[in-house]
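# Structural overview
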Amino acid sequence: MTVAPDMVLAARLFERLRLDNTDQDGVTRDTYGAGEQRAHDLLAAEARALGLEVRTDAALNLYLTLPGRDRGLPVVMTGSHLDSVPVGGNYDGAAGVVAGLSVLAGWVAAGISLRRDVTVMAIRAEESAWFPVSYIGSKAAFGQLGAEALEARRFDTGRTLAEHLAGLGGKPDALARGEPQLDARAIDCFIELHIEQGPVLLGQGDVLGVVTGICGSLRYRRARAVGRYGHSGATPRLYRQDAVVAFAELVYRSNQDWAEMEAQGHELTLTFGRVDTDPHQSDLSKVAGEIDFCIDIRSRSKATLAEMDRRLRLAVRTPGVVFDFGAASGSEPARMDENLRQALTSAAAAHGLCAPALPSGAGHDSATFAHAAVASAMLFVRNANGSHNPGETMTMNDFAAGCAVLGSVLAQRAGGKP
Ligand SMILES: [Zn+2]
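Residue positions are given per chain, counted from 1 along the sequence in the order it is written. Local features are withheld for residues below a pLDDT of 70 in this predicted model, meaning they are given only at 70 or higher, and side-chain atom pairs are given and counted only at 80 or more; totals for whole chains, interfaces and linings count all residues. Only heavy atoms go into the side-chain values, all of them from the structure, while hydrogens and water stay out.

It is worth spelling out the overall build of the protein chain at this point. For the purposes of this entry, the term helix denotes a DSSP run of H or I that reaches at least four residues, the term strand denotes a run of E that reaches at least two, and both are numbered from the N terminus. The secondary structure content of the protein chain amounts to 12 helices and 17 strands. A compact globule built from 418 residues would reach a C-alpha radius of gyration of about 22 Å, and the protein chain, at 23 Å, matches this within 12%. By the burial criterion, 54% of the 418 residues in the protein chain qualify as buried. The criterion used for residue contact is that any of the two residues' heavy atoms lie within 4.5 Å. Pairs at least 24 apart in sequence give 79% of the contacts found in the protein chain among residues at least 6 apart. Entry remark: accessible area of the protein chain is about 17,800 Å², with carbon and sulfur atoms responsible for 51%. For the charge count, each Lys or Arg is scored as positive and each Asp or Glu as negative, with His and the chain ends excluded. By convention, the point assigned to a charge is CZ for Arg, NZ for Lys, CD for Glu and CG for Asp. For the protein chain, the centre of its 41 positive side-chain charges and the centre of its 49 negative side-chain charges are spaced 3 Å apart. What the globule rule says is 2.2 Å times the number of residues to the power 0.38, and the radius of gyration is computed from C-alpha atoms. Think of it in three bands: with a 1.4 Å probe and only protein chains considered, a residue is buried below 20% of the maximum accessible area for its type, exposed above 50%, and partly exposed in between. All accessible areas in this document rest on Shrake-Rupley with a 1.4 Å probe, and a residue is counted as covered only by the protein chains that are shown.

Here's what the structure looks like:
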């Protein structure tokens, strides 16, 4: 017999999360700010009402635990993040935390007893929109954040991560010392439910998808092309050092490389997401002397990231314009656990759903768990209108299907019947 997750609780939580923020159109749960904190307070209060164990760590990640019969066994974990990008949607991140709590609420109501502890983790600060650091909460949990990250400043307040964290009662010093808050050996697995954020499942007519791996990234946040400003009428073509033309050639050539690599079987994305000329110097009657831009490359393969990087540098060959990509940053690709993937696919089939395998182009906390050698998996629920915008749309029917599949696999791992 299957115990259904508590969808009445889920609907109530989503409604409260939506109302608990000051945005007119979208949802803003600012990282280590009032918005994210309200969401954590809400989930902690609901968990206490259900009789779950509630605790936080030095990074103020929140752990909601249904104790098992044998508390010495490695714990089964699920969850996701509760922060959002500025003016984002209500489901990115929150869906995974609400799903976990809804599953536990169903078990509590049915009086289910499992062998292992099952913990829902509400992770802090997954979005790198606020601080220029990715996966802050999950990295901190494994003692991998690094002291430097704590000095990163939030883009809107100008205050450091350490200051924000301390202001809410966290312990930045412990994180700076790299003290782990979680022991990977004491975790049986981590399974994250998340909205898809892209159009693939909806386009295929599938409700759920099982993630094969999470793309890593190679990023140049502050790349520049420097030529020379000149009069638009008085500078003949051969005398120009036009940064815009040189940049256009880089984009054209690297996109050709991308297509060529795809034809060879590589999977990757390449994006020039911000392109600026200097507003004080550029003008209708000038040849542009400088362009600032950024580059984002993503792939599940480290070799593919390196190959695109190599080709990008070869794609720069306009005389008179010098390119400086600046410092590289990024994250490592992560593979999802084969056994967990199969368990999710089978559980979906048992619920009458085909859940195709697909890669995740977006980064997720599950990558941090996988890198810490925790068996990790992700279940995607389809949603319309992408993500990181107020239009994010997931139906409660689709979400219920995702919660049911999640609940089945968590129960299997925890050694129970539902
Ligand atoms: Zn997310």
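It is worth spelling out the packing of helix α10 (residues 338–350) against helix α12 (residues 396–414) at this point. To obtain each axis, a line is fitted to C-alpha atoms, and for helices this fit is confined to the stretch in contact; angles are then taken between N-to-C directions over 0 to 180 degrees. Where α10 contacts α12, the axes come no closer than 9 Å and their chain directions differ by 130°. In terms of axis orientation, α10 runs oblique to α12. Both α10 and α12 take part in a crossing whose hand is right-handed. Of the residues in α12, those touching α10 at L340, A343, L344, A347 and A348 are V405, S408, V409, Q412 and R413. Ten residues, namely Ala, Val, Leu, Ile, Met, Phe, Trp, Tyr, Cys and Pro, are considered nonpolar, four, namely Asp, Glu, Lys and Arg, are considered charged, and the remaining ones, Gly among them, are considered polar. For the contact of α10 with α12, the per-class residue count stands at seven nonpolar, two polar and one charged. In this scheme, roughly parallel covers angles under 35 degrees and roughly antiparallel covers those over 145, while 65 to 115 is roughly perpendicular and the rest are oblique. Note: crossing handedness is left-handed where the near helix turns anticlockwise from the far helix by less than a right angle, and right-handed where it turns clockwise.

We now examine helix α2 (residues 34–49). The end-to-end C-alpha separation of α2 is 22 Å, in line with the 22 Å expected for 16 residues at 1.5 Å each. For α2, the complete set of buried residues consists of G35, E36, Q37, A39, H40, L42, L43, A44, E46 and A47. G51 sits one or two positions beyond α2 and adopts a positive phi of about 85°. A helix is expected to span 1.5 Å for every residue after the first.

The next subject is the coordination of the zinc ion. Geometry reference: four tetrahedral donors at a metal, ideal angle 109.5 degrees. Six octahedral donors, ideal angles 90 or 180 degrees. Counted as donors are N, O and S atoms no farther than 2.8 Å from the metal, or 3.2 Å for Na, K and Ca; water is not among the atoms, and sites may therefore look incomplete. Taken together, the protein donors to the zinc ion comprise H81 (NE2), D92 (OD) and H194 (NE2), at separations of 2.0 to 2.2 Å. Read in sequence order, the donor residues for the zinc ion give the motif H-x10-D-x101-H. Remark: H194 occurs in strand β5 (residues 187–195) and D92 occurs in the loop between β3 (75–81) and α3 (94–110); sequence separation between them is 102 residues. For H194, a relative accessible area of 1% translates into the label buried.

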